[in-house]
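One-letter residues, chain by chain:
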Amino acid sequence: MVFEKDFKNRRIIIKNLNSQKIIADTQILEYDTSNNIVRISAASVQRREHEKIYALIFGSDSLYEYVGSIRGTVIANEVEILLGKSRMKEDRRRCRYNISMTGMIPSIMIDGWNITLKKPLKVRTINISSNGILFQADVGSFHIGNEFLLLLDVEEKAMELKCEVVRIQNSTIRTEEYGCKVNATVLV
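Residues numbered from 1 in each chain as written. Predicted model: local features only at pLDDT ≥ 70, side-chain atom pairs only at ≥ 80, totals over all residues. Heavy atoms only, no water.

Engineer: Break down the pattern of salt bridges for me, citing the residues and quoting the values.
Structural biologist: The full count for this structure, using the stated rule, is 4 salt bridges. In this structure, Arg-39 and Glu-80 form a salt bridge, with 3.1 Å as the shortest nitrogen-oxygen distance. Highlighted residues: Arg-39 in strand β4 (residues 37-41) and Glu-80 in strand β7 (residues 78-91), separated in sequence by 41 residues. Residue Arg-39 is classed as partly exposed on the basis of its relative accessible area of 21%. Note that Lys-181 and Glu-164 form a salt bridge whose closest N and O atoms lie 3.6 Å from each other. (Salt bridge = Lys/Arg side-chain N within 4 Å of Asp/Glu carboxyl O. Helix = DSSP H or I, 4+ residues; strand = E, 2+ residues; numbered from the N terminus. Buried < 20%, exposed > 50% of the residue type's maximum accessible area, 1.4 Å probe, protein only.)

Engineer: Could you give me a rundown of the confidence of the model for the protein, with the residues and numbers involved?
Structural biologist: On average, residues of the protein score 79 in pLDDT, and 80% of them reach the 70 mark or higher. In the predicted structure, residues 88-92 sits below a pLDDT of 50 and forms 22 contacts with residues beyond four places in sequence or in another chain. (pLDDT = per-residue confidence, 0-100. Contact = heavy atoms within 4.5 Å.)

Engineer: Any chance you could break down the pairing of strand β10 (residues 132-138) for me, citing the residues and the numbers?
Structural biologist: Taken across its 7 residues, β10 has 5 buried, putting it largely inside the fold. Across 5 bridges, the pairing between strand β9 (residues 113-129) and β10 is antiparallel. Bridging across to β10, Arg-124 finds its partner in Gln-136. (Pairing = 2+ DSSP bridges.)

Engineer: Could you give an account of the environment of Lys-8, naming the residues involved and the relevant values?
Structural biologist: Within the secondary structure, Lys-8 sits in the segment before β1 (11-16). On the accessibility criterion, Lys-8 (36% relative accessible area) is partly exposed. Along the primary structure Lys-8 and Gln-27 are separated by 19 residues, whereas in three dimensions their C-alpha atoms are 7.8 Å apart. Those residues in contact with Lys-8 that lie beyond four places of it in its chain are Ile-28, Leu-29, Glu-30 and Tyr-31.

Engineer: Talk me through the nonpolar core; I want residue IDs and the actual numbers.
Structural biologist: Ile-133, Phe-135, Phe-148 and Leu-150 are the most contacted members of the largest nonpolar core, which has 24 residues in total. The element that contributes the greatest number of residues to this core is strand β12 (residues 157-169), accounting for 4 residues. Excluding residues within four positions of it along the chain, Phe-135 makes contact with Ile-105, Val-123, Arg-124, Thr-125, Ile-126, Phe-142, Phe-148, Leu-150, Glu-176, Glu-177, Tyr-178 and Cys-180. Judged by nonpolar contacts, the second largest core, of 20 residues, contains Ile-23, Ile-40, Val-45 and Val-79. (Core = buried A, V, L, I, M, F, W, Y, C linked by side-chain atoms within 4.5 Å.)

The structure is reproduced here in structure tokens:
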């Protein structure tokens with residue numbers, strides 16, 4: 001059972017159910033609660049044929065997971081995504097989804113100043129939730145409390161996250177993992 005009254009303007013990541021290839025990472029334009037249908041911009045989906053999909057919707061206080069399908073027709077420059085029953089609904093603080101993406105950190109905050117790095121730091125995500133991210137980077141890159149801007153490559157779009165390091169784990173000679181709180185998200 002979904003407790004979210006409206007998914008409008010919420011972020012949705014849509015993957016092909018079989019290949020797990022990302023089809024779209026966009027925002028929901030409309031949500032039809034009675035038919036459990038979301039509408040997204042037709043421009044955000046290159047392939048518009050009917051296919052089975054897996055969707056993650058970032059709700060206001062939870063992350064929702066669905067298996068559904070794309071309805072192949074374009075109406076008013078929108079594509080309909082038919083959502084099946086929610087397979088899982090978890091509190092964001094506990095539920096993280098394994099999503100591997102490359103990214104870079106072009107700037108960090110020091111004493112309230114945004115400092116642009118001469119050479120951006122490259123990272124690889126391990127998992128993500130709607131309010132946090134775990135990624136791997138070079139050892140010693142950050143300390144707990146450091147704030148920075150993270151740019152993630154999501155297919156042909158970039159996602160900009162303002163993050164703060166809250167934990168460090170799995171340190172090796174070359175890399176370590178940084179658990180971060182996401183303070184703001186913008187699709188670029």
